[in-house]
Amino acid sequence: MKLTLTRIAKRADYTIGRLADEKGEKICDTLEPTWRDYKGGEKKVKGRSAVPEGTYKVVVTRSPRFGRYLPLLVGVPGFEGVRIHSGNTSRDTEGCMLVGQNLQAGKLLWSRLELEHLMKLIENEKEISLTIKNTWSND
């Protein structure tokens, strides 16, 4: 399964995106830490930076922190342990991607429900990838 995360809003403390399936149909919204222009020389801030744009393998493994199986991005340059999980605000991300519905500025609602929905979509998939792109240019 090929997932696509299209980032649509960058703010000082968070980044909002839309997660879609292979057909381009929206699965849910996402919330990440602050987007940084790595190509422009900005540096990663541990636990407070969105991952770079690109395509990453996704595996579902048991998270020691959460005590359950969650999607994990593999091969993100300079990052380790980037999970997709539930949460509501940028304080909950710690460098990861949160899923939910962006019905309030800077916040996700229905996060646990959307995580369960995503897990059901990917549960029988042998190969999963996530392509992350922006709607703004950072060239």
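Chemist: Which parts of the structure should I look at to understand the overall build of the chain?
Modeler: Secondary structure assignment for the chain yields one helix and nine strands. Reading the helices (α) and strands (β) of the chain from amino to carboxyl end gives β-β-β-β-β-β-β-β-α-β. By the compact-globule yardstick of 14 Å for 139 residues, the chain fits well, its C-alpha radius of gyration being 14 Å. Seen along its three principal axes, the alpha-carbon backbone of the chain occupies a region of about 40 × 35 × 30 Å. Out of the 139 residues in the chain, the part that is buried amounts to 46%. Restricting to contacts in the chain with at least 6 residues of sequence separation, those with at least 24 account for 48%. Distance from the positive charge centre (24 side chains) to the negative charge centre (18 side chains) of the chain: 4 Å.

Chemist: Honestly, the packing of aromatic side chains in this entry has me stumped. Any pointers?
Modeler: Taken as a whole, this structure holds two aromatic pairs when the rule is applied. An angle of 80 degrees between the planes, with centres 5.4 Å apart, marks the rings of tryptophan 35 and tryptophan 136 as edge-to-face. Note that tryptophan 35 is positioned in the loop between β3 (26-32) and β4 (54-63) and tryptophan 136 in the segment after β9 (128-134), a separation of 101 residues in sequence. Looking at tryptophan 35, the relative accessible area reads 9%, which means it is buried. Ring centres 6.5 Å apart and planes at 80 degrees place the aromatic pair tyrosine 38 and phenylalanine 79 in the edge-to-face group. Remark: phenylalanine 79 occurs in the loop between β5 (68-74) and β6 (84-85) and tyrosine 38 occurs in the loop between β3 and β4; sequence separation between them is 41 residues. Phenylalanine 79 gets classed as buried once you look at its relative accessible area, which sits at 13%. Across the ring face of phenylalanine 79, the terminal group of lysine 44 is positioned such that the distance to the ring centre comes to 4.2 Å.

Chemist: In this structure, what is going on with the pairing of strand β7 (residues 97-104)? I would like to understand it.
Modeler: Remark: a regular strand shows side chains that alternate across the two faces of the sheet. Looking at chain direction, β3 and β7 are connected through three bridges and run antiparallel. If you follow threonine 30 over to β7, its bridge partner there is valine 99. In this structure, β6 lies alongside β7, joined through two bridges in parallel fashion. Of the residues in β7, the one forming a bridge with isoleucine 84 is methionine 97. Here two bridges tie β7 to strand β8 (residues 107-109), and the two strands are oriented antiparallel to one another.

Chemist: It is not clear to me how helix α1 (residues 111-122) should be interpreted in this structure. Could you clarify?
Modeler: Note: α-helices contain 3.6 residues per turn, so residues at a spacing of three or four share the same orientation. With twelve residues, α1 should cover 16 Å at 1.5 Å per step; its first-to-last C-alpha distance of 17 Å lies within 8% of that length. Among the residues making up α1, those that are buried are Ser111, Glu114, Leu115, Leu118, Met119 and Ile122. Looking straight down α1, one finds that the buried residues subtend no more than 140 degrees of arc, so they occupy a single side. Among the exposed residues of α1, those pointing more than 90 degrees away from its buried face are Arg112, Leu113 and Lys120.

Rules and cut-offs
Residues numbered from 1 in each chain as written. Predicted model: local features only at pLDDT ≥ 70, side-chain atom pairs only at ≥ 80, totals over all residues. Heavy atoms only, no water. Helix = DSSP H or I, 4+ residues; strand = E, 2+ residues; numbered from the N terminus. Rg over C-alpha atoms; globule rule 2.2 N^0.38 Å. Buried < 20%, exposed > 50% of the residue type's maximum accessible area, 1.4 Å probe, protein only. Contact = heavy atoms within 4.5 Å. Lys, Arg positive; Asp, Glu negative; His and termini not counted. Charge placed at Lys NZ, Arg CZ, Asp CG, Glu CD. Phe/Tyr/Trp six-rings, centres within 6.5 Å; stacked < 30°, edge-to-face > 60°. Lys NZ or Arg CZ within 6 Å of the ring centre and 35° of its normal. Pairing = 2+ DSSP bridges. Expected span 1.5 Å × (residues − 1). Arc of directions from axis to C-beta.

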